[in-house]
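# Architecture and fold: a report
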Amino acid sequence: MTTLVSLHAHGQQAAWESLGLTFQANRCWLGDVSLVLTEGSGSLTGWTIDAGRDEIVDIDGIATTLVSSSQPVTSPSRIGDELITGLDHVVVNTDNLDRTCDALCAALGVDVRRERDAGRGVVQRFIKLSNTIIEVVTGPHITSEGASLWGMVISVDDMEAWAAQCGEAVTSPPKQATQPGRRISTVRSAVGLGVPFAVMTPHISSDSSSPLS
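Calculation notes
- Residues numbered from 1 in each chain as written.
- Predicted model: local features only at pLDDT ≥ 70, side-chain atom pairs only at ≥ 80, totals over all residues.
- Heavy atoms only, no water.
- Buried < 20%, exposed > 50% of the residue type's maximum accessible area, 1.4 Å probe, protein only.
- Helix = DSSP H or I, 4+ residues; strand = E, 2+ residues; numbered from the N terminus.
- Arc of directions from axis to C-beta.
- Contact = heavy atoms within 4.5 Å.
- Pairing = 2+ DSSP bridges.
- Axes fitted to C-alpha atoms, helices over the stretch in contact; angles between N-to-C directions.
- Core = buried A, V, L, I, M, F, W, Y, C linked by side-chain atoms within 4.5 Å.
- Phe/Tyr/Trp six-rings, centres within 6.5 Å; stacked < 30°, edge-to-face > 60°.
- Lys NZ or Arg CZ within 6 Å of the ring centre and 35° of its normal.
- 1 Å grid on protein atoms, 1.4 Å probe; cavity = no way out; pocket = protein on both sides within 12 Å on 5 of 7 lines; lining within 4 Å.
- Points joined across faces, edges and corners; volume = space filled by probe spheres on them.
- Nonpolar A, V, L, I, M, F, W, Y, C, P; charged D, E, K, R; others polar.
- Salt bridge = Lys/Arg side-chain N within 4 Å of Asp/Glu carboxyl O.

### Examining helix α3 (residues 159–166)
For α3, the set of buried residues is M159, W162, A163 and C166. In a view along the axis of α3, the buried residues occupy a sector of 95°, so they form one face of it. In this fold, the buried residues of α3 make contact with β7 (78–79), β8 (82–94), β12 (147–156), β14 (183–186) and β15 (197–200). Backbone geometry just after α3 places G167 at a positive phi near 85°.

Here is the structure:
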């Protein structure tokens, strides 16, 4: 199956470490997906995906490295004292939902699983990979042409404990997520990641996903 291998970002390592993530050189693990960080203004710059072939492609504006194989991760990863159970989802923003979803499906050999009207003109579509979900979002708040990687959400065993350790200067108070039974806490922009980042309680349904806010 198609698997997300790594996310690539510009940013300051110290900001990410302040959340309790541990880097080796310029890499840390978010479950079985690595975050590869280089110095620069915070943003997601691309991703590596195991799609069964080796190729460098542009998916509607998203820099993508496709690989034909990847090594499974056997060691657990943590954020602070809490076990990361996985990268819950990655958010892709687009000015044209059909165009971007068609490009993703064609390049990765996947399908759109469902669509959700989030209100106020915002629409989300969900594409399931073997180890995470791509949440593709469009709406009146998106004015730039093409698609771009925007943010990410991880799941941890005890999100409430992690949020309490970080304190409200770092995270928003935990609240009910879109899916019944799940809760979410968003890292504040003042932390300096430059990338929207949130932490959720673990999956209840393998097909679920939620917004970052």
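The rest of the description comes next.
### Side note on the sheet that holds strand β6 (residues 62–67)
With respect to topology, six strands assemble into an open sheet ordered β2-β3-β1-β4-β6-β5, the strand pairing being mixed. The open sheet has two free edges, formed respectively by β2 (27–30) and β5 (55–59), since each of these has just one partner strand. Taken pair by pair, the neighbouring strands of this sheet meet at an average axis angle of 25°, ignoring direction. Both strand β1 (residues 3–10) and strand β4 (residues 43–50) contribute to a ladder of seven bridges, which runs antiparallel.

### Structural notes on the pairing of β2
Alternating residues of β2 divide into C28 and L30, all buried, and R27 and W29, none buried. Turn length for the β2-strand β3 (residues 33–38) hairpin, with the two strands adjacent in sequence and antiparallel, is two residues, and the turn residue G31 shows positive phi of about 70°.

### Some details on the nonpolar core
Grouped together as the largest cluster of nonpolar side chains are 53 residues, with contacts concentrated most on L7, W16, W47, M152 and F197. Broken down by element, this core gets its largest block of residues, six residues, from helix α2 (residues 97–108). With residues up to four places along the chain from it excluded, the contact list for F197 reads W16, L19, I79, M152, I154, T186 and V187. Among the nonpolar cores identified, the runner-up in size contains five residues, and V153, I184, A198 and M200 belong to it.

### A look at the packing of aromatic side chains
What describes a pair of aromatic rings is the distance from one ring centre to the other and the angle between the planes of the rings. Going through the model one piece at a time under the given rule, you end up with one aromatic pair. Centre to centre, the rings of W16 and F197 are 5.3 Å apart; their planes meet at 85°, and the pair counts as edge-to-face. Taken together, the residues W16 in helix α1 (residues 13–17) and F197 in strand β15 connect sequence positions 181 residues apart. In this pair, the class of W16 matches that of F197, namely buried. Lying across the ring of F126, R114 places its NZ or CZ 4.2 Å from the centre.

### Brief notes about the layout of surface pockets
There is about 190 Å³ of room inside the second largest pocket. Residue assignment for the lining of the second largest pocket shows that the elements contributing at least two residues are β1 and β2. For the lining of the second largest pocket, the leading source of residues is β1, giving three residues. Split by residue class, the lining of the second largest pocket holds five nonpolar, four polar and three charged.

### Remarks on the pattern of salt bridges
Enumeration according to the criterion identifies seven salt bridges in this entry. With a shortest N-O distance of 2.9 Å, E55 and R53 are connected by a salt bridge. The exposure class assigned to E55 is partly exposed, which follows from its relative accessible area of 36%. For R53, a relative accessible area of 31% translates into the label partly exposed. Here D60 makes a salt bridge to R99, at a shortest N to O gap of 2.8 Å. Pair noted here: D60 is in the loop between β5 and β6 and R99 is in helix α2, with a separation of 39 residues, a long-range link. On the basis of relative accessibility, which here comes to 31%, the residue R99 falls in the partly exposed class. When salt bridges with common partners are traced through the structure, they connect D60, D95 and R99 into a single cluster.

Keep in mind that these numbers describe shape and distance, not what the molecule does.
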